[in-house]
Amino acid sequence: MINVTKTFLPPIDEYQKILQRAWDKKWVTNRGELLLELEEKLATYLNTSNFFITTNGTLPLQIALKVLGIKGEVITTPFSYVATTSSIVWEGCTPVFVDIEEDTLTIDPSKIEAAITDKTEAILATHVFGNPCDVETIDKIAKKYHLKVIYDAAHCFAVTYKDKSIFEYGDVSTTSFHSTKLFHTGEGGAIFANDKTLFDTLYYHHNFGHNGPLEYHGLGINAKASEMQAAMGLSVLPYMDTIINKRKALSECYKEQLQNTDFLTFMKIRDGASMNYSYLPVLFKTEELLLATLESLEKKEVFPRRYFYPSLNKLPYLEHKKPMPISEKISGRILCLPLYSELSMEEVTMICDTIKQVE
Ligand SMILES: *Cc1c(COP(=O)(O)O)cnc(C)c1O
């Protein structure tokens, strides 16, 4: 069976050896030595340091909205994973969708101003599949209207834009280390902020608001990661260069075999961005073609995923379901093909042959 992804797990003795240190100390959470070591190593790997690790990639979005004091309308993308929208709703804010660019699949900044009202307080956009948003234009609009900018960078491990970590853009940036993501700690994530005061406020909010054992800065929640999560990260991190290179080779193999077909296209990567090969999205000419392809792949025990379907403006719990023509059109026609480091070139060829036979 070939799924859209397969979690990379290091040899178990390497994980156990790191975990032994937590056992020896009888210290399994609350920012133990393994977590601190992972933060240090990630700072070097990602070439950015204003972040801390969290227990997943969703709580950072909620903490960011809370800490920035966002209560009203949040301009956001309809083309992302549900956590982007659900965090806004969970925090009692109102998501206001702005359609995406057809080629990059990220929020279309030329449509943002028309969606701004006197209740708009923030923009929460996703660098979808690791492809950066038009961060410069978004920044200009945010400054003009005094809006906060949060980036959901869950797909962006190791992505750089104009030679700087993508995590450094926006007031706050968040990421996920979930086991389906490029780099993982089982469950996990991180939150980034360049402003020192903002960073400190985010930090105490993730630990019940503690200021030492007996005092509180204010309200908080628990978004701490455990030493088991950190041990997983420490044992996966040394493999990341190999993993990314393998995924790059597989992606190129897919592209080579599928690029001259007239029934599917690839996402356009923004100029200045590096790729991390976290996903392999392909866009079919029609939804019928996508469904037929899914059916023939499933017969061969190949299970791609319809990331992201449906378009988030269609979520059942939203009050105003304003149409988002481009996002809806893309959601219906996009498929993420299997991509993981254990996949073989032969399997990629089999998948491509199956896809080509559908037409
Ligand atoms: C995975 C993902 C999240 C949520 O991350 P978790 O670590 O699973 O909580 C948020 N946003 C996007 C775009 C994601 O893909």
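Please read all numbers here as calculations on a predicted model, not as lab measurements.

Asker: When you look at helix H11 (residues 345-358) in this model, what are you seeing that I'm missing?
Answerer: An α-helix turns once per 3.6 residues; consequently, residues spaced three or four apart project the same way. The end-to-end C-alpha distance of H11 is 20 Å, a good match for the 20 Å that 14 residues give at a rise of 1.5 Å each. Those residues of H11 that fall on the buried side of the exposure criterion are Val348, Ile351, Cys352, Thr354 and Ile355. Considered in projection along H11, the buried side chains sweep an arc of 160° and stay on one side of the axis. Those residues of H11 that are exposed and angled more than 90 degrees off the buried face are Glu346 and Gln357. Buried residues along H11 sit in contact with strand S1 (2-3), helix H8 (240-258), strand S11 (264-266), strand S12 (281-284), helix H9 (287-299) and strand S13 (302-303).

Asker: For this particular structure, what's the right way to read helix H3 (residues 59-67)?
Answerer: Counting buried positions along H3 gives eight out of nine residues, so the element sits mostly inside the fold. Residue glycine 69 follows H3 closely and has a positive phi angle near 70°.

Asker: Hey, could you run me through the packing of aromatic side chains in this one?
Answerer: Two aromatic rings, taken as a pair, are described by how far apart their centres are and by the angle between their planes. Under the definition given, this model contains 17 aromatic pairs. Here phenylalanine 52 and tyrosine 203 contribute two aromatic rings whose centre-to-centre distance is 5.2 Å and whose plane-to-plane angle is 85°, an arrangement assigned as edge-to-face. Taken together, the residues phenylalanine 52 in strand S2 (residues 51-54) and tyrosine 203 in helix H6 (residues 196-205) connect sequence positions 151 residues apart. We classify phenylalanine 52 as buried; its relative accessible area is 1%. A cation over an aromatic ring shows up here: lysine 25 above the ring of tryptophan 27, its NZ or CZ 5.7 Å from the ring centre. Cation over ring: lysine 255 sits above phenylalanine 266, and NZ or CZ is 5.1 Å from the ring centre.

Asker: Help me out: how do you make sense of the pattern of salt bridges in this one?
Answerer: Two side chains bearing opposite charge may form a pair once their charged atoms approach each other closely. For the structure shown, the criterion picks out 18 salt bridges. Two residues, arginine 31 and glutamate 39, come together in a salt bridge whose shortest N-O distance is 2.9 Å. Residue arginine 31 is classed as buried on the basis of its relative accessible area, which comes to 18%. Glutamate 136 serves as the salt-bridge partner of lysine 162, at 2.9 Å between the closest nitrogen and oxygen. A residue pair is termed long-range when its members are at least 10 positions apart, and lysine 162 in the loop between strand S7 (160-161) and strand S8 (164-165) and glutamate 136 in helix H5 (residues 135-145) qualify at 26 residues.

Asker: Looking at this structure, how should I read the domain arrangement of the protein chain?
Answerer: When cut into domains, the protein chain gives domain 1 (2-238) and domain 2 (240-356). Centre-to-centre, using C-alpha coordinates, domain 1 lies 24 Å away from domain 2. Of the residues lining the interface, 50 residues belong to domain 1; the matching set on domain 2 comes to 50 residues. Contact between domain 1 and domain 2 buries roughly 4300 Å² in total, counting both sides, with carbon and sulfur atoms accounting for 63%. The three residues of domain 1 that bury the most area against domain 2 are Ile2, Val4 and Phe129, which together make up 21% of that side's buried surface. Put simply, domain 1 and domain 2 have three salt bridges between them. Note that arginine 270 is salt-bridged to glutamate 101, the shortest N-O span being 3.1 Å. Here domain 1 is connected to domain 2 by 23 residue pairs in polar contact (both at pLDDT 80 or more). Breaking the side of domain 1 that touches domain 2 down by element, the ones donating at least two residues are S1, helix H4 (82-90), strand S4 (94-97) and S7.

Asker: Just to check I follow, could you spell out the pairing of strand S6 (residues 148-152) for this structure?
Answerer: Judged by how many residues are buried, S6 sits mostly within the fold: four of five residues are covered. By the bridge criterion, five bridges tie strand S5 (residues 120-126) to S6 in an arrangement that is parallel. In the sheet register, leucine 124 faces S6, and the bridge partner there is isoleucine 150. On the question of chirality, the crossover connecting S5 to the parallel S6 by way of H5 is right-handed. Sheet analysis places S6 next to strand S9 (residues 172-176), joined by three bridges and oriented parallel. What sits directly across from tyrosine 151, in S9, is serine 173.

Rules and cut-offs
- Residues numbered from 1 in each chain as written.
- Predicted model: local features only at pLDDT ≥ 70, side-chain atom pairs only at ≥ 80, totals over all residues.
- Heavy atoms only, no water.
- Helix = DSSP H or I, 4+ residues; strand = E, 2+ residues; numbered from the N terminus.
- Expected span 1.5 Å × (residues − 1).
- Buried < 20%, exposed > 50% of the residue type's maximum accessible area, 1.4 Å probe, protein only.
- Arc of directions from axis to C-beta.
- Contact = heavy atoms within 4.5 Å.
- Phe/Tyr/Trp six-rings, centres within 6.5 Å; stacked < 30°, edge-to-face > 60°.
- Lys NZ or Arg CZ within 6 Å of the ring centre and 35° of its normal.
- Salt bridge = Lys/Arg side-chain N within 4 Å of Asp/Glu carboxyl O.
- Domains from an automatic or database assignment.
- Buried area = accessible area lost by both parts, 1.4 Å probe.
- Polar contact = N/O pair within 3.5 Å; in protein donor to acceptor, adjacent residues only side chain to side chain.
- Pairing = 2+ DSSP bridges.
- Right-handed = clockwise from strand over helix to strand, strands pointing away.

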